[in-house]
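Listed here are the chains, written in short residue letters.
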Amino acid sequence: MVEIALGTALAAIGAGVAVGFAGLGSGLGQGIAAAGSVGAVAEDPDMFARGIIFSALPETQAIYGFLIAILLLVFSGLLGGGKPLDVTAGLVAVGAGAAIGFAGLGSGMGQGITSASSVGAVVEDPDMFARGIIFSALSETQAIYGFLIAILLMVFGGILGG
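For every chain, the first residue of the written sequence is number 1, and numbering continues from 1 along that sequence. For this predicted model, a pLDDT threshold of at least 70 governs which residues receive local features, and a threshold of 80 or more governs which side-chain atom pairs are given and counted, while totals over whole chains, interfaces and linings are taken from all residues. The basis for the side-chain values is all heavy atoms of the structure; hydrogens and waters are excluded.

- As recorded by an unreviewed UniProt entry, the protein carries the name V-type ATP synthase subunit K and is attributed to Methanothermobacter wolfeii.
- UniProt positions are given in the numbering used here, feature names are shortened, and annotations may be inferred rather than shown by experiment. What UniProt records for the protein under Subcellular location (unreviewed entry) is the sentence "Membrane".
- Reading the Sequence similarities (unreviewed entry) entry of the UniProt record for the protein gives the comment "Belongs to the V-ATPase proteolipid subunit family."

This is the structure we're talking about:
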């Protein structure tokens, strides 16, 4: 068995929370948006490309979680040559993972709901496309807040650049 410092093990948990919950929100959001898009394409086959765009919007939350998870794994010594983390830094890593994980969960689900509604609006009025994208993008801000807080925690918690 490989010996892993407790702080580094906590960083692994943080990485799992980051990608797991953000991916869950993204997957649920994409499913909701794609369900609306399938109905729209059944009514109007020309809606396929626009439906794909709305269905892809909630993917970003998973990307944010993935990026934070990779940073945690690299700078905790689990991937690459980073130094093992102490317990305090490991707890910060859990907080960083939770920040993007939970923000991505809510944001991805909200973006999926808004995207599904936007697809329905575009079927009724094609001029609603740009406004639908704007409404759908509003939910993204919560994921961006979580991503930024995760980065700040890692920087000021001594994980990145420390």
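So, next bit.
### Thoughts on the overall build of the protein
Then, number 1: Counting from the N terminus, the helices are DSSP H or I runs at least four residues long and the strands are E runs at least two residues long. In terms of helices and strands, the protein carries 6 helices and 0 strands.
Then, number 2: Reading the secondary structure of the protein in the N-to-C direction produces α-α-α-α-α-α.
Then, number 3: Here the protein holds 162 residues, and 38% of them are scored as buried.
Then, number 4: Nonlocal contacts in the protein, meaning residues at least 24 apart in sequence, comprise 87% of its contacts between residues at least 6 apart.
Then, number 5: Total accessible area on the protein stands at roughly 7800 Å², and carbon and sulfur atoms take up 75% of it. Burial classification: accessible surface area is computed with a 1.4 Å probe over protein chains only, and a residue below 20% of its type maximum counts as buried, one above 50% as exposed, and the rest as partly exposed. Any pair of residues with heavy atoms lying within 4.5 Å of one another is described as a contacting pair. Throughout, the Shrake-Rupley method with a 1.4 Å probe supplies accessible areas, and for residues the shown protein chains are the sole cover considered.

### Looking at the packing of helix α3 (residues 59-75) against helix α6 (residues 140-156)
Then, number 1: Put simply, α3 and α6 touch, their axes get as near as 10 Å, and they point 5° apart. With respect to each other, α3 and α6 are oriented roughly parallel. Packed against α3, whose contacting residues are T60, Q61, Y64, L67, I68, L71 and L72, the element α6 presents E140, A143, I144, F147, A150, I151 and M154 at the interface.
Then, number 2: Each residue is assigned to one class: nonpolar for Ala, Val, Leu, Ile, Met, Phe, Trp, Tyr, Cys and Pro, charged for Asp, Glu, Lys and Arg, and polar for all the others, Gly among them. Considering only residue class, the contact of α3 with α6 consists of 11 nonpolar, 2 polar and 1 charged. Fitted lines through C-alpha atoms give the axes, limited to the stretch in contact for helices. The angle between two N-to-C directions lies from 0 to 180 degrees. Oblique is the label for every angle not falling under 35 degrees (roughly parallel), over 145 degrees (roughly antiparallel), or within 65 to 115 degrees (roughly perpendicular).

### So, the nonpolar core
If you look at soluble globular proteins, the nonpolar side chains tend to sit buried side by side.
Then, number 1: Residues belong to one nonpolar core when they are buried, are Ala, Val, Leu, Ile, Met, Phe, Trp, Tyr or Cys, and are joined through side-chain atoms within 4.5 Å. Ranked by internal contacts, the top residues of the largest apolar core, which has 20 residues, are I68, L72, I100, A150, M154 and I159.
Then, number 2: Where this core is concerned, the elements lending two or more residues are α1 (6-43), α3, α4 (87-124) and α6.
Then, number 3: Filtering out sequence-adjacent residues up to four positions away, I159 remains in contact with L72, F75, L85, A89, V92, A93 and M154.
Then, number 4: Core analysis: the second largest hydrophobic core is formed by 6 residues, M47, F54, V119 and V123 among them.

### Observations concerning α3
Then, number 1: Helix span, expected: 1.5 Å multiplied by one less than the number of residues in the helix. An ideal rise of 1.5 Å per residue puts 24 Å on 17 residues; α3 measures up with 25 Å between its terminal C-alpha atoms.
Then, number 2: Within the sequence span of α3, burial applies to Q61, A62, Y64, G65, I68, A69 and L72. One side of α3 carries all its buried residues, which in axial view fall inside an arc of 160°.
Then, number 3: Each element contacted by the buried residues of α3 is listed here: α1, α4 and α6.
Then, number 4: Following α3 by one or two positions, G77 has its phi on the positive side, about 95°. The directions from the helix axis to the C-beta atoms form the arc being described.

### Side note on the UniProt feature "transmembrane region" (unreviewed entry) in the protein
Then, number 1: Under the local residue numbering, the UniProt record ascribes the feature "transmembrane region" (unreviewed entry) to residues 61-80, 87-105 and 143-161.
Then, number 2: Each end of residues 87-105 is marked by a C-alpha atom, and these two atoms are 26 Å apart; helix forms 100% of the span and strand 0%.
Then, number 3: In the segment residues 143-161, helix accounts for 74% and strand for 0%; the C-alpha atoms at its two ends are 23 Å apart.

### With respect to the UniProt feature "domain: V-ATPase proteolipid subunit C-like" (unreviewed entry) in the protein
Then, number 1: In this structure's numbering, the residues bearing the UniProt feature "domain: V-ATPase proteolipid subunit C-like" (unreviewed entry) are residues 13-72 and 94-153.
Then, number 2: In residues 13-72, helix accounts for 90% and strand for 0%; the two terminal C-alpha atoms are 10 Å from one another.
Then, number 3: The distance from the first to the last C-alpha atom of residues 94-153 is 10 Å, and the span holds 92% helix and 0% strand.

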